[in-house]
Amino acid sequence: MNLFSEIRVAVIDALTAMQAEGKLPEGLDFKNVAVEPPRDALHGDMATNAAMVLAKPAKMKPRDIAEVLAVRLAEDARVDVAEVAGPGFLNLRLAPVLWQGVVKAALDGGQDFGRSTMGGNKKVNVEYVSANPTGPLHVGHTRGAVFGDALASLLDFVGFDVTREYYINDGGGQVDVLARSVYLRYLEAHGQEVAFPDGTYPGDYLIETGKALKEKVGTAYIDQPEDVWLQDVRLFATDAMMELIRADLKSLGVVMDKFYSEKSLYGTGRIEAAIAELDAKGLIYEGVLEPPKGKKPEDWEPREQTLFKSTEHGDDVDRPVKKSDGAWTYFAPDIAYHYDKVDRGFDMLIDVFGADHGGYVKRMKAAVSALSDGKVPLDIKLTQLVKLFKNGEPFKMSKRAGTFVTLRDVVDQVGPDVTRFVMLTRKNDAPLDFDFDKVLEQSKDNPVFYVQYAHARVCSVIRNAESAGITADDATLAAADLSKLDHAAEIAVARKLAEWPRLVEIAGRTNEPHRIAFFLYELAGELHALYYKGNEDTSLRFVQEGDADTSQAKIALARAVAVVISAGLGILGVTPAQEMR
RNA sequence: GGCCCCUUAGCUCAACUGGAUAGAGCAGCUGACUUCUAAUCAGCAGGUUGAGGGUUCGAGUCCUUCAGGGGUCGCCA
């Protein structure tokens, strides 16, 4: 139930009736007519821009349209007051029974209140994390993991059929580097002194893998040339790393539906097929690229390569799919992978990348556009850097020095719930400060705590009510006489609740899960505010001694807030707190 | 140099994809604790939305020029 779209229907109906009466010209497009919460609550409960949007095509003055519309809408039983304001806004004040209905809808709907069918069950593929299988996940991956996962949940909530997918980059040269590094640890496990030259991974996390390799093959690979062991160690090492990564993701509560191997694209004709598909569209040619403008690399030499004419689909320059030695570039299997996604029948694709892949966006979109004839949209969300702080001091991570902060470090210190919530309190394309001390602080400064506290507070109120002999289970609350909820302070909370279904759709349409986090923070604020009004005006307290009926109505409102917080946290992948300690 | 992202209160950030007087938190100031947990609440103060131009009934939001910050730029992935 979305009260805003319900009232919007009433507005459209009124406009249509006005056309029938000749008060508005025929043939108007109503799609830009919006019903929104006004920025200032003093203006009313809802506002519509109908008159202003239609003024120009109708060749009428906005206020004239608004006046007629106001009269019509005022006849609707759901509308208490309709008044024209400003340049032609129409402000509506709604009957209290509507807000009471929102509370009931929240209680009846439970976790599903606000769930939408907007997505029309369309198949959408969300690809995220996709970190190289060369080591444990670090903080940067954590943000992508949390963002992608929350986005997937959000899309599910608004009615898409979502697949969560991880692309394993196990086909390129970095896997050879991994294999050589594991081999060194293997020799070390056999008691040899080893050094880690440049171009190998010196991280401690491979010690165990080296030992495990020793367990498996014994002395078989000692003093053997690379061609004897490389293939096998590659496989062994990537499997071990993926196991590590899956465990990392699990500690954060992220579970993928599918892991897709880059390697599976090689030697199976799939890359060739994808490139052939582009070739059939006349988008593949042999050519020489211009050097990058302005800055010419010193070792630049013109080379003939196989190129993809990505400029035909919005890119700035054409992109190589083959290196000058004839081997595939990284881009080629990626084209094949996205071709496969299109082939699997997804209606929409979303890739979540780190900000360092920004330069990759246009060519990937070009490829998908070409391969799907523009039918499958690809949205690429870039997650910006996470800056870490401890005791107010920034600390840097350096992969080379092996001092990088892992996902596990973060989760172990602050827990998965805090990690997830904090990572979602910023837009994905804005940098994020993550302060280990602040995120654990129990104060209003810390949004995680503030929202959790609101939920816990409701749980506490219900516990108190029950110990005072007032039944407050969900079934009882849903059946309560909500007409007792008529105080402005209570209506204000219900009004916020009414925004939830609408907000969810906006967040889903824009692929912006952070909006959920911000909304929960605001909703929590409403709850805390109402709670404290009870200190000054005891008639606003949730528990009214000796009056079970009134108490149940008021607790129903509080419970509805908890239900929405719980549903919202569910989308973010955070467990609501029952009590704070 | 090309391309992408960012620039909003002293600080950290919102602003419902073009709506009304740009909102929160922190820091600062004022007030409220034998409470349905004050781990919170109420209030005050704080702004030329980086700068200029444009589009229109209306711009933080769209277009354009410029400045500053970050990322990225064939044979790495």
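Residues numbered from 1 in each chain as written. Chains lettered and ligands numbered in written order. Predicted model: local features only at pLDDT ≥ 70, side-chain atom pairs only at ≥ 80, totals over all residues. Heavy atoms only, no water.

A. Region of interest: the pairing of strand β6 (residues 161-168). When you tally the buried positions in β6, you get seven out of eight residues, the bulk of the element. Following the chain from strand β5 (residues 123-127) across helix α5 (residues 139-157) to the adjacent parallel β6, one finds a crossover that is right-handed. Across four bridges, the pairing between β6 and strand β7 (residues 258-261) is parallel. The residue bridging Y166 from the neighbouring strand is F259, located in β7. (Buried < 20%, exposed > 50% of the residue type's maximum accessible area, 1.4 Å probe, protein only. Helix = DSSP H or I, 4+ residues; strand = E, 2+ residues; numbered from the N terminus. Right-handed = clockwise from strand over helix to strand, strands pointing away. Pairing = 2+ DSSP bridges.)

B. The arrangement of the pattern of salt bridges in detail. Using the criterion set out here, one finds 33 salt bridges in the structure. Of the charged contacts in the structure, one is a salt bridge between R344 and E165, with a shortest N-O distance of 2.7 Å. Separated by 179 residues along the polypeptide, R344 in the loop between α10 (331-343) and β11 (348-354) and E165 in strand β6 bring together distant segments of the chain. E165 sits in the buried class, given a relative accessible area of 0%. R270 is the salt-bridge partner of D340, the closest N and O atoms lying 2.7 Å from each other. (Salt bridge = Lys/Arg side-chain N within 4 Å of Asp/Glu carboxyl O.)

C. The packing of helix α13 (residues 447-467) against helix α16 (residues 514-536), seen in detail. Two numbers describe how α13 lies on α16: the axes approach to 9 Å, and their chain directions differ by 45 degrees. Between α13 and α16, the crossing angle belongs to the class labelled oblique. Here the hand of the crossing between α13 and α16 comes out left-handed. Only L520, Y521, A524, G525, L527, H528, Y531 and Y532 of α16 make contact with α13, whose side of the interface consists of P447, Y450, V451, Y453, A454, R457, V458 and V461. (Axes fitted to C-alpha atoms, helices over the stretch in contact; angles between N-to-C directions. Parallel < 35°, antiparallel > 145°, perpendicular 65-115°, else oblique. Left-handed = near helix turned anticlockwise from the far one by under 90°. Contact = heavy atoms within 4.5 Å.)

D. How the structure looks around the protein's contact with RNA strand B. Neighbouring RNA strand B are 69 residues, the closest being Q442, R502, I506, Y532 and R541. Sugar and phosphate atoms constitute 61% of the interface atoms of RNA strand B, taking the interface as everything within 4 Å of the protein. One of the side-chain nitrogen or oxygen atoms of N464 is found 2.5 Å away from a sugar or linking oxygen of RNA strand B. Of all elements in the fold, only α2 (50-58), β4 (89-94), α6 (173-189), α13, α15 (488-510) and α16 reach the threshold of two or more residues within the surface near RNA strand B. Element by element, the count of residues in the surface near RNA strand B is highest for α16, at nine residues. For the surface near RNA strand B, the class distribution of residues is 24 nonpolar, 20 polar and 25 charged. (Near = heavy atom within 4 Å. Polar contact = N/O pair within 3.5 Å; in protein donor to acceptor, adjacent residues only side chain to side chain. Nonpolar A, V, L, I, M, F, W, Y, C, P; charged D, E, K, R; others polar.)

E. Representation of the packing of aromatic side chains within the structure. One pass over the full model with this rule turns up 16 aromatic pairs. Judged by centre distance (4.1 Å) and plane angle (10 degrees), the ring pair of Y167 and Y337 falls under stacked. Linking Y167 in strand β6 with Y337 in helix α10, this pair joins segments that are 170 residues apart in sequence. This pair shows no difference in class: Y167 is buried, exactly as Y337 is. Members of the aromatic cluster, connected to one another through ring pairs, are Y183, Y186, Y221 and W229. A cation sits over an aromatic face here: R457 above Y531, 3.7 Å from the ring centre. A cation over a ring is seen here: R502 above F4, with NZ or CZ 5.2 Å from the ring centre. (Phe/Tyr/Trp six-rings, centres within 6.5 Å; stacked < 30°, edge-to-face > 60°. Lys NZ or Arg CZ within 6 Å of the ring centre and 35° of its normal.)

F. Up close: the nonpolar core. Counting 134 residues, the largest nonpolar core has L15, V103, F434, W500 and I516 as the members making the most contacts within it. Leave out the neighbours within four places in its chain, and F434 touches V386, K387, L388, F389, V410, V414, T419, V422, M423 and V439. Core analysis: the second largest hydrophobic core is formed by 32 residues, L278, F346, V361 and A366 among them. (Core = buried A, V, L, I, M, F, W, Y, C linked by side-chain atoms within 4.5 Å.)

G. The arrangement of the environment of Y167 in detail. When its relative accessible area of 1% is taken as the criterion, Y167 is described as buried. In sequence terms Y167 and D248 are 81 residues apart; their C-alpha atoms lie 16 Å from each other. Dropping the residues within four chain positions of it, Y167 is found in contact with E127, S130, Y260, E262, L265, Y330, P333, D334 and Y337.

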